[in-house]
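# Structural features, examined
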Amino acid sequence: MTNRVMPARFTRVRAAGLRASAAIVALSAMAALTALAAPPAAARQAAAAHPTQMTAPRPAADPIMAIVSIKSQQVTFYDADGWILRAPVSTGIAGRETPAGVFAVLEKNKEHHSSLYDDASMPNMLRITWNGVALHGGPLPGYAASHGCIRMPFDFAEKVFDKAPMGMRVIISPFDSEPVAFSDPALFVPKQDAIDAAPALAAAAARDADDAAKAAAAAKAAVAPAKRAAIAAPAVVRNLAALKARADAELAHAEKALAAANANPKMTDQAKTAAQDTQQKAAAKAQALGEQLDAAKADLKAKQEAAAAAEAAAKATAAKRAETASAATAAKLAGSPVSIYISRATQKLYVRRATHKKWSDGGELYDFSQEFPVAIKDPDKPIGTHIFTAVARDGGGLRWTEVSIDNGDNAKDALDRITFPQAVLDKIAPMAVPLSSIIISDEPLSSETNYRTEFVAVLNNQPQGGFITRAPSPKVNVARDDGGFFGGFGGWFGSSGNPPPPPPGRQPARGVSYYPYPR
């Protein structure tokens, strides 16, 4: 059989076909490998629509809030006029989900390293819970990939680190949320006359607090000597009582001897006179000791009453000191933004302000001295979670926005269900300033809320594995200084009985728990 010589054209076609087949095989193999390494379908879908970094095409002020969308894997920073910065993020994976809820920046650390995950670098960290949830720079694969934190692009995290102020609200929403303009008569309207009077009221409150502190110190100093005197007085009474008993015995013996002498006809007048003289001296001694004993008993009673009065005065002046210190702090902070949290779960309204007092680890302290029962219409009906923020002044009033992040009523209906306590309307509403906020939620305050946090609330109807699997911030009992802390925090306990911060110079444990509600 002879070999055929193939035409050149056929050879070229055949070679091209072989190359095409090889390419198809290679592409198929690559597709198979890609399919094996690809994330789940939901993650691929999210990655396909993944947002890119964006900057608003306008001059921007410092951000006043950030909203993280778990659904879109995106974070957006807002100032008073709208969004200013936007970037993709990676939130927590299944089982380690980032908690949805309301948070705030508690600490900033440029070069943070994780204490949970092998000293991993987490640059430009903005902490939002003391048990370890934060926004920080990190790798972004295009889908949820963290252990509960919110990873931002490295350059974006560096950009927002200096811009984001301490206490800035961070809202983590399970879906896409954004602030919308909102107005309602129930929202706080400041009163200019109250604002103008605030400095004088603060100065008067500071003077009252100073006077009360001096009175408390003087009353406290008077307790020790009064107690020492009261403690020493019983010994005098016991000694005189013993002497009086002995004198009474001597008098009884002298009277018996005198009676015997008078009854004995053989007893001389001289002996009878001696017996009578002995009896008279014994009677005089017993009488004198009786008078001294009565005086000592009266003195004892007076000193015991004086000690009790000194302790009562010290207690009363300490309470006055705490009351005036709390009032002075409230008056001093009256011109600062106020945060209101209304919980349907507890039927309470909480008031909080940042003191702007720094702590050694970079955190700040918050005043927590006011808590009120609140009336909520249809308390068994879900209300959702709504964040109302006064973003700027608007003539004589305030311009508000609203963000909703949970199922329930719409914002208008939720606000209509709240009856604000009169004390809030009288004392707090007239002093409302930009960056003040009102949060209405079905949720109780998270146990992560403490004296170094803004309000922390977690949506319990959303996955929160990255929150639950972290060790909760430790609960510690801190000794209370009845005079208050930092020059006027005597009211720190409020009506909730929550512990105050430790005195200056002693590092507090992170996250002293104020609210015992389970997550």
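A quick note: this is a predicted structure, and the numbers were derived from the prediction, not measured. (Residues numbered from 1 in each chain as written. Predicted model: local features only at pLDDT ≥ 70, side-chain atom pairs only at ≥ 80, totals over all residues. Heavy atoms only, no water.)

## Quick word on the layout of surface pockets
Here the idea is plain: a probe the size of a water molecule rolls over the atoms and shows the empty space left. Here is the rule: Two kinds of site are reported from a 1 Å grid over the protein atoms alone, namely cavities, where a 1.4 Å probe fits but cannot get out, and pockets, open sets with protein on both sides within 12 Å along at least five of seven lines, and residues are called lining when an atom falls within 4 Å of a point. Grid points are joined across faces, edges and corners, and a volume is the space filled by probe spheres set on the points. A helix here means a DSSP run of H or I that spans at least four residues, while a strand means a run of E at least two residues long, and both kinds are numbered starting from the N terminus. Basically, the charged four are Asp, Glu, Lys and Arg, the nonpolar ten are Ala, Val, Leu, Ile, Met, Phe, Trp, Tyr, Cys and Pro, and anything else, Gly included, counts as polar.
In this structure, the second largest pocket encloses a volume near 480 Å³. Every residue lining the second largest pocket is counted, 27 residues in all, and those nearest its centre are M166, G167, M168, P337 and L435. The set of elements that each furnish at least two residues to the lining of the second largest pocket consists of β13 (348-358), β14 (364-373) and β16 (385-394). Here the element with the most residues in the lining of the second largest pocket is β13; it accounts for 4 residues. Residues belonging to the lining of the second largest pocket are distributed by class as follows: 13 nonpolar, 6 polar and 8 charged.

## Section: the pairing of strand β12 (residues 339-343)
For a regular strand, side-chain orientation follows a simple rule: the groups alternate between the two sheet faces. Worth spelling out the cut-off: The buried label goes to any residue with under 20% of its type's maximum accessible area, the exposed label to any with over 50%, and the partly exposed label to all in between, with areas taken from a 1.4 Å probe on protein chains only. Here a strand pair is declared whenever DSSP counts at least two bridges between the two strands.
The buried count for β12 comes to 5 of 5 residues, which makes it a mostly enclosed element. Burial of β12 is two-sided: the residues S339, Y341 and S343 facing one way and the residues I340 and I342 facing the other way are all buried. Of the strand pairs in this sheet, β12 and β13 are connected by 5 bridges, and their pairing is antiparallel. Residue I342 lies in a different strand from β13, and its bridge partner there is L349. Linkage of β12 to β13, two consecutive antiparallel strands, is achieved through a turn of 4 residues, within which Q347 is found at a positive phi near 60 degrees.

## What to know about the sheet that holds strand β3 (residues 74-79)
Two modes of strand pairing occur in sheets, parallel and antiparallel, and in both the strands are linked by backbone hydrogen bonds. In plain terms, the rule: Residues count as neighbours in contact if any of their non-hydrogen atoms are within 4.5 Å of one another. Where helices are involved, their axes are fitted lines through C-alpha atoms of the stretch in contact, as for all axes, and angles between N-to-C directions lie from 0 to 180°.
The 7 strands lie next to each other as β1-β4-β3-β2-β10-β5-β20, forming an open sheet whose pairing is mixed. What marks the edges here is a single partner per strand, and that holds for β1 (54-55) and β20 (457-458). As judged from the 5 bridges shared by strand β2 (residues 65-69) and β3, these two strands associate in the antiparallel manner. Bridging from a neighbouring strand, I67 pairs with T76 of β3. Those strands touched by helix α3 (residues 154-163) are β1, β3 and β4 (82-88), and its axis lies near 145 degrees from that of β4.

## Section: the confidence of the model for the protein chain
Note the following rule: The predictor's confidence in any single residue is recorded as pLDDT, a number from 0 to 100.
Across the protein chain, the average pLDDT comes to 82, with 79% of residues at 70 or higher. Within the protein chain, the lowest mean pLDDT, 37, falls on helix α1 (residues 8-37), and the highest, 98, falls on β3. Note on residues 1-39: pLDDT under 50 across the span, and 4 contacts to partners over four residues away in sequence or across chains. Long-range and interchain partners of residues 42-48, a stretch whose pLDDT sits below 50, account for 6 contacts in this model, where long-range means more than four residues apart.

## A closer look at the packing of aromatic side chains
Formally: Pairing of aromatic rings covers Phe, Tyr and the six-membered ring of Trp, with a centre-to-centre limit of 6.5 Å; geometry is then stacked below 30 degrees between planes, edge-to-face above 60, and tilted otherwise. We call a charge positioned above a ring when the Lys NZ or Arg CZ atom is no farther than 6 Å from the ring centre and deviates by at most 35 degrees from the ring normal.
In this structure the tally under the stated criterion is 4 aromatic pairs. When the ring of F188 is compared with that of F420, the centres are 5.5 Å apart and the planes differ by 65 degrees; the resulting orientation is edge-to-face. Of this pair, F188 sits in the loop between β11 (180-182) and α4 (192-263) while F420 is found in the loop between β18 (418-419) and α7 (422-427), placing the two residues 232 residues apart along the sequence. Both residues of the pair, F188 and F420, belong to the buried class. Between the NZ or CZ atom of R452 and the centre of the ring of W130, over which it lies, the distance is 4.1 Å.

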